[in-house]
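Structural overview for review
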Amino acid sequence: MQSSVLSSKRSKFMPLKFACLALAIVGALSVAAFAQSSTRSQNAIDGSGMPPTEFGQLKKVDLNIATAAELRKLPRLSPGSVTAIIESRKKSNFKDWTDFVNRRLVPHFAQDEIRSLVTI
């Protein structure tokens, strides 16, 4: 009789034990997943969103000579904007930031974000 009562108590708490174990495993896995991050999502010290170079300073992207791969690393630039920049500078290099803006190659919200990350 006593063994059936003990067996009944074990079966009552078994789902609770499995739920706690599953929760612990999911928690451990999520900590590992959140700990991993790409370099693009890490903010630089100045908050620009671009990772620092090996010397700790940001390297600005020159819009007149940057490759498509370098331009794609800039925030908020679509593949179409990257192509438009490259095609526009083939006709003539950008003289300054105002010249770049006046050509309307990227949306205003992208201009605001890349302003401090580029040079001409």
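Look up: the structure comes first, before these words.
Numbering of residues starts from 1 in each chain and follows the order in which that chain's sequence is written. Per-residue local features are limited, in this predicted model, to residues with pLDDT of at least 70; the limit for side-chain atom pairs, both in listing and counting, is 80 or more; totals at the level of whole chains, interfaces and linings are taken over all residues. No hydrogens and no water enter the side-chain calculation; it runs on all heavy atoms of the structure.

Regarding the nonpolar core
Residues belong to one nonpolar core when they are buried, are Ala, Val, Leu, Ile, Met, Phe, Trp, Tyr or Cys, and are joined through side-chain atoms within 4.5 Å. Summary of the burial criterion: residues with accessible area below 20% of their type's maximum are buried, those above 50% are exposed, and those between are partly exposed, where the area comes from a 1.4 Å probe applied to protein chains only. Core analysis: the biggest nonpolar cluster contains 18 residues, and Leu 71, Leu 74, Leu 77, Ile 85 and Phe 100 have the highest contact counts within it. Going along the chain from the N terminus, every DSSP run of H or I of four or more residues is numbered as a helix, and every run of E of two or more is numbered as a strand. Here the element with the most residues in this core is helix α3 (residues 79–91); it accounts for three residues.

As for the environment of Phe 94
Tracing the backbone shows Phe 94 in the loop between α3 and α4 (97–102). By relative accessible area, which is 4% here, Phe 94 ends up buried. We call two residues in contact when some of their heavy atoms are within 4.5 Å. With residues near it in sequence (within four places) discarded, Phe 94 still touches Leu 63, Asn 64, Ile 85, Ser 88, Arg 89, Asp 99, Phe 100, Arg 103, Leu 105 and Ile 120.

Let's talk about the packing of aromatic side chains
Only rings of Phe, Tyr and Trp enter the pairing, Trp through its six-membered ring, and a pair is recorded when the two centres are within 6.5 Å. The plane angle decides the type: under 30 degrees is stacked, over 60 is edge-to-face, the rest tilted. Counted under the stated rule, the structure contains two aromatic pairs. Geometrically, the ring pair formed by Phe 94 and Phe 100 is edge-to-face, given 5.2 Å between the ring centres and 85° between the ring planes. Judged on exposure class, the residue Phe 94 and its partner Phe 100 are both buried. Judged by centre distance (5.2 Å) and plane angle (40°), the rings of Trp 97 and Phe 100 are tilted. Linking Trp 97 with Phe 100, this pair stays in helix α4, spanning three residues, or about one helical turn.

As for α3
Take the number of residues in a helix, subtract one, and multiply by 1.5 Å to get its expected span. Given a rise of 1.5 Å per residue, 13 residues ought to cover 18 Å, and the 19 Å separating the end C-alpha atoms of α3 matches this to within 8%. Among the residues of α3, those classed as buried are Ser 81, Val 82, Ile 85, Ile 86, Ser 88 and Arg 89. The buried residues of α3 occupy one face: seen down the axis, they fall within an arc of 165°. Turned more than 90 degrees away from the buried face of α3, the exposed residues are Pro 79, Lys 90 and Lys 91. In this fold, the buried residues of α3 make contact with α2 (68–72) and α4. As used here, the arc is the angular range of directions from the helix axis to the C-beta atoms.

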